[in-house]
Amino acid sequence: MNTEIANNLKNNLSNGEKSGLIKYTLNKQPGTIVYQTLSNGWILSAFVPMNEVLEEANRLIIISIIILIVAIIIGIIYSLLFARTLTKPVKQLSNSFSVVANGNLNTYLEIKSKDEIGELSHEFNEFIKKLLIIIKDIQLLAQKVVASNKLLSESSDILIYGEKSQFFKEKS
């Protein structure tokens, strides 16, 4: 042990330190001496070359980086799958609205989930049902208007032409 290391160790021990680290270079190799005072008064010390410490640290850093990269890749894949499951029903709903906007009311959405998209799909189906009911009601009203218009037209013709009206003979 060189004198500089011995002096550092003496200074540390005289200051009441029972254990510690001393950094130094031995044979052009940086290292650390770790020491501990035992209960019998002896001092246990060990030299740890820095390349061994750094080698293990570098190995841990490489393992950590690999784990981080794998976790990021898994996270990206999971995010893409999650985004796909989220956007697919929205695209289906959007396509259904486009089909309805083009006049095809024979569109029905299959409800696969109970989340907000499922609720929106259910409301879309209800909207289509009510729209079909309204259209049927309008068709019935239009038929009634046509029938009333025909009756009004016949009545007007009878009022204007009297017995000469073509409708007068049909009614009698």
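Here the structure is a predicted model, which is why all the values come from computation and not from measurement.

Digging into the environment of V90
Phase 1 of the analysis: Its place among the elements puts V90 in helix α2 (residues 50-101).
Phase 2 of the analysis: V90 sits in the partly exposed class, given a relative accessible area of 41%.
Phase 3 of the analysis: Once the C-alpha coordinates of V90 and I117 are considered, the two residues, 27 residues apart in sequence, prove to be 7.1 Å apart.

Topic: the layout of surface pockets
Phase 1 of the analysis: Empty space within the largest pocket amounts to approximately 220 Å³.
Phase 2 of the analysis: Taken together, K88, P89, Q92, L93, L109, E110, I111, K112, S113, I117, G118 and S121 make up the lining of the largest pocket.
Phase 3 of the analysis: Of all the elements in the fold, those that place two or more residues in the lining of the largest pocket are α2 and α3 (116-161).
Phase 4 of the analysis: Here the element with the most residues in the lining of the largest pocket is α2; it accounts for four residues.
Phase 5 of the analysis: Here the residues of the lining of the largest pocket are counted per class, giving five nonpolar, four polar and three charged.

Some thoughts on the sheet that holds strand β2 (residues 29-37)
Phase 1 of the analysis: One open sheet holds the three strands; their spatial order is β1-β2-β3, and the pairing between them is antiparallel. For this open sheet the edge positions go to β1 (19-26) and β3 (43-49), each flanked by a neighbour on one side alone. Going from strand to strand, the sheet's axes swing by 25 degrees on average, the running direction of each strand aside.
Phase 2 of the analysis: Summarising the sheet, β1 and β2 pair through eight bridges and their orientation is antiparallel. In the strand pairing of β2, I22 is matched with I33.

Structural notes on α3
Phase 1 of the analysis: Along its 46 residues, α3 runs 66 Å from first to last C-alpha, staying within 8% of the 68 Å computed at 1.5 Å per residue.
Phase 2 of the analysis: Within α3, burial applies to I117, G118, S121, F124, N125, I128, E154 and D157.
Phase 3 of the analysis: Capping the start of α3, D115 holds a side-chain oxygen 3.2 Å from the backbone nitrogen of I117, two or three residues further along.
Phase 4 of the analysis: Where α3 terminates, the next one or two residues include G162, which has phi positive at roughly 65 degrees.

Side note on the packing of α2 against α3
Phase 1 of the analysis: Interhelical geometry of α2 versus α3 gives an angle of 15 degrees and a closest axis separation of 10 Å. Comparing the axis directions of α2 and α3 gives the class roughly parallel. Crossing hand, α2 versus α3: left-handed. Contacts between α2 and α3 involve P89, V90, L93, S96, F97 and V100 from the former and I117, L120, S121, F124 and I128 from the latter.
Phase 2 of the analysis: Of the residues that constitute the contact of α2 with α3, the class distribution is nine nonpolar, two polar and no charged.

Rules and cut-offs
- Residues numbered from 1 in each chain as written.
- Predicted model: local features only at pLDDT ≥ 70, side-chain atom pairs only at ≥ 80, totals over all residues.
- Heavy atoms only, no water.
- Helix = DSSP H or I, 4+ residues; strand = E, 2+ residues; numbered from the N terminus.
- Buried < 20%, exposed > 50% of the residue type's maximum accessible area, 1.4 Å probe, protein only.
- 1 Å grid on protein atoms, 1.4 Å probe; cavity = no way out; pocket = protein on both sides within 12 Å on 5 of 7 lines; lining within 4 Å.
- Points joined across faces, edges and corners; volume = space filled by probe spheres on them.
- Nonpolar A, V, L, I, M, F, W, Y, C, P; charged D, E, K, R; others polar.
- Pairing = 2+ DSSP bridges.
- Axes fitted to C-alpha atoms, helices over the stretch in contact; angles between N-to-C directions.
- Expected span 1.5 Å × (residues − 1).
- Polar contact = N/O pair within 3.5 Å; in protein donor to acceptor, adjacent residues only side chain to side chain.
- Parallel < 35°, antiparallel > 145°, perpendicular 65-115°, else oblique.
- Left-handed = near helix turned anticlockwise from the far one by under 90°.
- Contact = heavy atoms within 4.5 Å.

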